[in-house]
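Coordinate analysis (summary)
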Amino acid sequence: MTRRAAIMLVALALFALLAPWLAPYQAGEAFSGFLHAPPMRPHLDGLSPVVHPLVLADRLEQRFEIDSSRTVKLPWIERDAAAPVFLLGADDFGRDVLSRLLYGARTSIGLALVATLGAVLIGALAGAWAGYRGGWIDEAIMRVADFVLVLPVIYVVLVLRAVLPLVLPPSTVFLLVSWIFVLVGWPFVAKGVRAIVAVERNREYVQAAQSLGAGPLRILAVHLIPACGGHLLVQATLLLPAFILAEATLSFIGLGFPDPIASWGTMLAGAGNYNAVARFPWTLAPAVAIFAIVLSTNLLTSQPSPRNR
Amino acid sequence: MGRYLLRRLGFGLLLVFVVSSAALLLTRLAPGDIAAPQCLELSAEKCAELRASLGLNRPFLPQYLSWLGGVIRFDFGRSLLYSRPVGSLLGERALNTAVLAIFALLAATLIGIPLGIYTGTRAGIMRSIVRAISLIGISVPPLIGSLALVFLAARTGWLPVGGMTSSGGLELTWAAWFADLARHVPLPALALAIPMAATLERLQSEAIASASHEPFVAASRARGVDRSRSILHHAWPVSLRPVLGLYGVMIGSLFSGSFVVEVVTSWPGLGRLMFDALKARDLFLVAGCAATGAFFLAAGTLLSDLLLAYTDPRVTTGESR
């Protein structure tokens, strides 16, 4: 089970990485005649997979009919600008949901990865320093960590993001949001690292290294932080889905990425009213993607104990 | 115990103070203010006049101090967005959020705990099914859950989608208003409760499985206590400690979750209010919402810690050590 979950996560990451090659269309490419076009089902015509193109039946109701007299090849084989193929349907601007899902994975997973790495790095450094030095440094760092931990996280993220200019270039949003996530995420890592380091620094191997003349930096980097490896890995797998979700939430309410940028949050924001959700359920595709990521990280981290199997 | 309580209360007050002050300061520093949209259409002098009449041109320190002076007398200032005192607005919205949170907690407890006891003590196909469902449950965060439920409700028409009541509510009798509310609560409460119920199930399952391997449970069985009684009366109380500990943690996630659910389902709660206040740069309302949020969180954590100490006398409060 754990193995399958890991494979699924790697596959999702690969999809994100290879988005420009896998996606049939550009993330921002809009087909004005195909707003909210439903998903098309491919079938085999001889050996090559084809779909029947859609014809707009009623512009007012945004109703499409399948033109089964014609077939169109899949866009990976041959692109036909007049008859685009939407395997997962189209959104409210007539953009291909599948392409946006793939490009959105880049933005969403990329942001979460950067924020997770940042939070783990800063958390590990702060926690290790606190645990190794002890005394007032320890006290100060841990008080700050405790304080951040009891804050209402969602309000902190909201306030920090909302007080900055609302319209910013996407790259700035990326940096800014990842910094905000690092700011609320590091204490989760630091607390555990501090506890481990405070115990480990009195172990024989550390004393041996000290007596051989290793400085504190070397001891921290070579001996103590690696000793926290397991904890860091677990925290990273917990933070990653939390950050993906946080990005989705921020973009959903309009405080994340601006619309033309594809991220899972901006896609959900486009889907998010009752009418649209009921009529065009395929626009909820990013919700399924987020569910898949959370599910596989849960499979990775939580197994029943041997006694409870 | 008294000193412990006092210290915790003091810390909670400090938290509320710091959070609301920081929110006020940050919102004040933010670009734009509440008059900005109107100023687009006004001349510079008219705009300055408007700002002066709203008190927006005061320097930060006097503004902050007079706000603080008001807060001590439970006067949280006036919301310029809603043209109402912040205090009454907060009370109304906080109550809505509390209704949602309480129903969600109740549902999560009533679903999660019994299922956890079941899966922790029985083997078989049913256990595997419950476990699989619960694994899916913890993977449905409130954002995803509420979107899925909204989709389901809009498609089937089983439950009303969005809002807290269908009509204005004023012309309704109490009973009708209550029935209306009862139809609107399940969807958002369920979206919040699903991951919590699943988390509770898993933890309770682990806790009771390890507790039922303790010698005193075997001893109760040896005395002739039947199986279900020995689980419920001997193993379960001991297994409660980690479970109750989780409630303290869950209050935080309940809070974040309820914000999302409120936005998706248009529930007129604290989270939505905070969001609207932030967007409009309504200074005192932002500070008030942040203070209420911090207060809820501190109070919830304290309550769960007290509950823990009450059910398990082994929990020390830091004095007896």
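Residues numbered from 1 in each chain as written. Chains lettered and ligands numbered in written order. Predicted model: local features only at pLDDT ≥ 70, side-chain atom pairs only at ≥ 80, totals over all residues. Heavy atoms only, no water.

Turning to the overall build of chain B, a few remarks are in order. Across its full length, chain B carries 13 helices and 2 strands. Dimensions along the principal axes, computed over C-alpha positions, put chain B at roughly 90 × 55 × 35 Å. Relative to its full complement of 321 residues, chain B shows a buried share of 45%. Counted over contacts in chain B with a minimum sequence separation of 6, partners at least 24 positions apart contribute 74%. Carbon and sulfur atoms make up 69% of the accessible area of chain B, which amounts to about 15,900 Å² in all. Charged side chains of chain B number 27 positive and 18 negative; the gap between the two group centres comes to 8 Å. (Helix = DSSP H or I, 4+ residues; strand = E, 2+ residues; numbered from the N terminus. Buried < 20%, exposed > 50% of the residue type's maximum accessible area, 1.4 Å probe, protein only. Contact = heavy atoms within 4.5 Å. Areas by Shrake-Rupley, 256 points an atom, 1.4 Å probe, with all protein chains shown as cover. Lys, Arg positive; Asp, Glu negative; His and termini not counted. Charge placed at Lys NZ, Arg CZ, Asp CG, Glu CD.)

So, about the nonpolar core. Side chains of nonpolar character tend, in soluble globular proteins, to be buried together. A:Trp264 and A:Ile290 are the most contacted members of the largest nonpolar core, which has 137 residues in total. Setting aside residues up to four positions removed in sequence, A:Ile290 forms contacts with A:Ile244, A:Leu245, A:Ala248, A:Trp264, A:Leu268 and B:Ile144. Membership of the second largest hydrophobic core comes to 14 residues, among which are A:Tyr25, A:Phe34, A:Phe64 and A:Leu74. (Core = buried A, V, L, I, M, F, W, Y, C linked by side-chain atoms within 4.5 Å.)

Judged by how many residues are buried, helix H10 (residues 264-271) of chain A sits mostly within the fold: 6 of 8 residues are covered. Listed in full, the buried residues belonging to H10(A) are A:Trp264, A:Gly265, A:Thr266, A:Met267, A:Leu268 and A:Ala271. Packing partners of the buried residues in H10(A) comprise helix H3 (97-133), helix H9 (229-252), helix H11 (274-279) and helix H12 (285-301) of chain A together with helix H7 (142-156) of chain B.

Residue and element names in this part refer to chain A. The full count for this structure, using the stated rule, is 7 salt bridges over all chains. Residue Arg 100 is joined to Asp 91 by a salt bridge in which the shortest nitrogen-to-oxygen separation is 3.5 Å. No difference in accessibility class separates Arg 100 from Asp 91, as the two residues are buried. Among the charged side chains, a salt-bridge network with shared partners connects Asp 91, Arg 95 and Arg 100. (Salt bridge = Lys/Arg side-chain N within 4 Å of Asp/Glu carboxyl O.)

What follows is about the interface of chain A and chain B. Chain A puts 39 residues into the contact, and the matching count from chain B is 52 residues. Across the chain A to chain B interface the summed buried area is about 4,000 Å²; carbon plus sulfur atoms make up 75%. Applying the counting rule to chain A against chain B returns 0 salt bridges. Where chain A packs against chain B, one counts 4 residue pairs in polar contact (both at pLDDT 80 or more). Listed by contribution, the elements that provide at least two residues to the side of chain A that touches chain B are helix H4 (135-150), helix H5 (153-162), H9, H11 and H12 of chain A. (Buried area = accessible area lost by both parts, 1.4 Å probe. Polar contact = N/O pair within 3.5 Å; in protein donor to acceptor, adjacent residues only side chain to side chain.)

All right, on to the confidence of the model for chain B then. Reading predicted coordinates in detail is not appropriate for stretches of low pLDDT. Of all residues in chain B, 94% have pLDDT values of 70 or greater, and the mean over the chain is 84. Here the complex is predicted with pTM 0.87, and the ipTM for its interfaces comes to 0.86. (pLDDT = per-residue confidence, 0-100.)

Residues and elements named next belong to chain A. Axis separation between H3 and helix H6 (residues 170-200) bottoms out at 5 Å; the angle between their running directions is 35 degrees. For H3 against H6, the interelement crossing comes out right-handed. For the contact of H3 with H6, the residue count by class is 22 nonpolar, 8 polar and 1 charged. (Axes fitted to C-alpha atoms, helices over the stretch in contact; angles between N-to-C directions. Left-handed = near helix turned anticlockwise from the far one by under 90°. Nonpolar A, V, L, I, M, F, W, Y, C, P; charged D, E, K, R; others polar.)

What follows deals with the environment of A:Arg70. Residue and element names in this part refer to chain A. On the secondary structure map, Arg 70 appears in the loop between strand E4 (63-66) and strand E5 (72-73). Measuring from C-alpha to C-alpha, the distance between Arg 70 and His 43 comes to 13 Å, with 27 residues separating the pair along the chain. Look past the residues within four positions of Arg 70 in its chain and what remains in contact with it is Val 51, His 52 and Pro 53.

This next bit is on a nonpolar patch on the surface. Residues and elements named next belong to chain A. A cluster of nonpolar side chains, Val 10, Leu 14, Phe 15, Leu 17, Leu 18, Trp 21 and Leu 22, forms an exposed patch at the surface whose accessible area comes to about 710 Å². Within the residue set of the nonpolar patch, elements represented by two or more residues are helix H1 (2-17) and helix H2 (19-22). For the nonpolar patch, the leading source of residues is H1, giving 4 residues. You can see Leu 14 is positioned in helix H1. Classification of Leu 14 by relative accessible area gives partly exposed; the value is 44%. (Patch = residues over 30% accessible without salt bridge, like charges linked within 9 Å, V, L, I, M, F, W, Y side chains within 5 Å.)

This part is about the sheet that holds E5(A). Sheet strands pair by backbone hydrogen bonding; their relative direction is either parallel or antiparallel. The 3 strands lie next to each other as E1-E2-E5 (chain A), forming an open sheet whose pairing is antiparallel. Pairing within the sheet leaves two strands with one partner each, and these edge strands are strand E1 (43-45) and E5 of chain A. (Pairing = 2+ DSSP bridges.)

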